[in-house]
Amino acid sequence: MVEAAQRFNSSGLWGLGSFPVVRPRRLRLHRYVRGLVAEASLDPSRFILPVFVEEGLKAPRPLASLPGHMKYPLDGSLVEYVSKALEEGVRAFLLFASPSLRDFRGSKAWDPHGPAQEAVRLLRRELGWEPVVFADVCLCGYTEHGHCGYPRETPRGVMIENDASIDAYARTAVSLAEAGVDFVAPSGMMDGQVAAIRRALDEAGYSEVGIMSYSAKYASSFYGPFRDVMDSSPRFGDRRSYQMDPRNRMEALKEVALDLQEGADIVMVKPALSYLDVISEIKKAFPWAPLAAYNVSGEYLMVKAAAERGYVDHDSLMLEILYSIRRAGADIVITYHALEAARLLREGRVPF
Ligand SMILES: [Zn+2]
């Protein structure tokens, strides 16, 4: 015992011996032992699959910038896609909708018969309450100018108005609640957006509808393929006056704290892969807060492009990335890989 204690002392690591007594490789020799001691787990029940719909579309349209994904019309093909995902064990969906017409205010966003509202109604009618439906709340896909809020001329130049924009988010959230969403997901990064939405939902009698907030959403170049799909690039300027600066980590804690205070049920970091430190920091600071990470379109496309050229093994790279996001501390992973990863996990084809 004395000898052992001395050994621990001399190793400088209390409670941990050293070689040859300790051999970490013993836990790596057998695949199933590696599974027993694995720290991070991955399960389709942790995934949210983004789904795209477009008003006026006649048939599903493959998305060149998001290979393997489609934009769906508001018909049976959307229902079929969601039911197939449910069968694969993916139960949660994040809906993005494109209107056939845009205007300055983005009024289709809160139109009771807008594409998002109609998509939710269709899913509820055909599939009941089994799918968990999240709907994105923003204006960039609905406005002519493509900004997430309302631009206004000021002596400083064009500014994106905060308070008028969150009023529009609140109206949109209530109309989505009426249609039957489980959660609304405000992504505009306006100050006070969660509080405005929570108040509006409660006043309208939808206290059961939750909020997943894009709390730490960065002004990132990883969104390229998504903006192509949604045609949501700003027509002028950029989003740096409202989305977060990629150089900042601690500021994310402020954004998350505010959102939780305002009533967010789930907070989110977007993108995921270049922001694993932010995910980890938030999980440490708010271990009780459900945390989602959005494995965005650019991250997805990099895997696809590199695999297509034969530079990497697609499946193992994809799973390594998804595990890393969970290991960093995300409870939920929003990912375009959801279906293919669910299939691999079900078949036990995990290359670790
Ligand atoms: Zn937006």
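Residues numbered from 1 in each chain as written. Predicted model: local features only at pLDDT ≥ 70, side-chain atom pairs only at ≥ 80, totals over all residues.

Digging into the overall build of the protein chain
Item 1. Check the secondary structure of the protein chain and you find 12 helices and 12 strands.
Item 2. Since a compact globule built from 352 residues should have a radius of gyration of about 20 Å, the 22 Å found for the protein chain is in line with a globular shape.
Item 3. Projecting the C-alpha coordinates of the protein chain onto the three principal axes gives extents of approximately 75 × 45 × 40 Å. (Helix = DSSP H or I, 4+ residues; strand = E, 2+ residues; numbered from the N terminus. Rg over C-alpha atoms; globule rule 2.2 N^0.38 Å.)

Regarding helix H10 (residues 297-308)
Item 1. The end-to-end C-alpha distance of H10, which contains 12 residues, comes to 16 Å, matching closely the 16 Å that a straight helix rising 1.5 Å per residue would cover.
Item 2. For H10, the full list of buried residues reads Ser 297, Glu 299, Tyr 300 and Val 303.
Item 3. Among the structural elements, helix H7 (224-230), strand S11 (291-295) and helix H11 (314-328) are those in contact with the buried residues of H10.
Item 4. Once H10 finishes, Gly 310 follows within two positions and takes phi at roughly 80°, a positive value. (Expected span 1.5 Å × (residues − 1). Buried ≥ 20, exposed ≤ 12 C-beta atoms within 10 Å, placed from the backbone. Contact = placed C-beta atoms within 7 Å.)

Observations regarding the pairing of strand S1 (residues 47-54)
Item 1. With 8 of its 8 residues buried, S1 lies for the most part within the structure.
Item 2. A two-sided burial pattern is seen for S1, the buried positions comprising Phe 47, Leu 49, Val 51 and Val 53 on one face and Ile 48, Pro 50, Phe 52 and Glu 54 on the other.
Item 3. Across 2 bridges, the pairing between S1 and strand S12 (residues 332-335) is parallel. For Phe 47, the partnering residue across the bridge sits in S12 and is Val 333.
Item 4. Relative to strand S4 (residues 92-98), S1 runs parallel, the two being bridged by 7 bridges. Bridge pairing links Ile 48 to Ala 92 in S4. (Pairing = 2+ DSSP bridges.)

Overview of unusual backbone geometry
Item 1. The step from Phe 19 to Pro 20 runs through a cis peptide bond, and the omega angle for that step is 10°.
Item 2. Relative to the elements of secondary structure, Pro 20 occurs in the loop between helix H1 (2-11) and helix H2 (31-37).
Item 3. Going from Lys 270 to Pro 271, the amide bond is cis rather than trans, its omega being -10°.
Item 4. Relative to the helices and strands, Pro 271 is located in the loop between strand S10 (266-270) and helix H9 (276-285).

Overview of H9
Item 1. Among the residues of H9, those classed as buried are Val 278, Ile 279, Glu 281 and Ile 282. For H9, the angular spread of the buried residues around the axis is 165°, confining them to a single face. For H9, the exposed residues lying more than 90 degrees away from the buried face are Asp 277 and Lys 284.
Item 2. The secondary structure elements touched by the buried residues of H9 are strand S9 (210-217), helix H8 (250-262), S10, S11 and H11. (Arc of directions from axis to C-beta.)

Focus: the packing of H9 against H11
Item 1. The interhelical angle for the contact between H9 and H11, taken along N-to-C directions, is 30°, at an axis separation of 8 Å. As summarised for this structure, H9 and H11 are arranged roughly parallel, according to the angle between their axes. On the side of H9, the interface is formed by Leu 276, Ile 279 and Ser 280, while H11 contributes Ser 324, Ile 325 and Ala 328. (Axes fitted to C-alpha atoms, helices over the stretch in contact; angles between N-to-C directions. Parallel < 35°, antiparallel > 145°, perpendicular 65-115°, else oblique.)

Regarding the nonpolar core
Item 1. Core analysis: the biggest nonpolar cluster contains 101 residues, and Leu 95, Phe 134, Ala 135, Ala 173, Val 181, Val 184 and Ile 279 have the highest contact counts within it.
Item 2. Leaving out residues up to four positions away in the same chain, Ile 279 has contacts with Val 269, Ala 272, Leu 291, Ala 293, Ile 325, Ala 328, Gly 329 and Ala 330. (Core = buried A, V, L, I, M, F, W, Y, C linked by C-beta atoms within 7 Å.)

A look at the pairing of S9
Item 1. The element S9 is largely enclosed, with a buried count of 8 among its 8 residues.
Item 2. Here strand S8 (residues 183-186) pairs with S9 via 2 bridges, running parallel. Looking at S9, one finds that Phe 183 is bridged to Gly 210.
Item 3. In this fold, the crossover linking S8 to S9 by way of helix H6 (residues 193-203) has right-handed handedness.
Item 4. As judged from the 4 bridges shared by S9 and S10, these two strands associate in the parallel manner. Residue pairing in the sheet places Met 212 in a bridge with Ile 266 of S10. (Right-handed = clockwise from strand over helix to strand, strands pointing away.)

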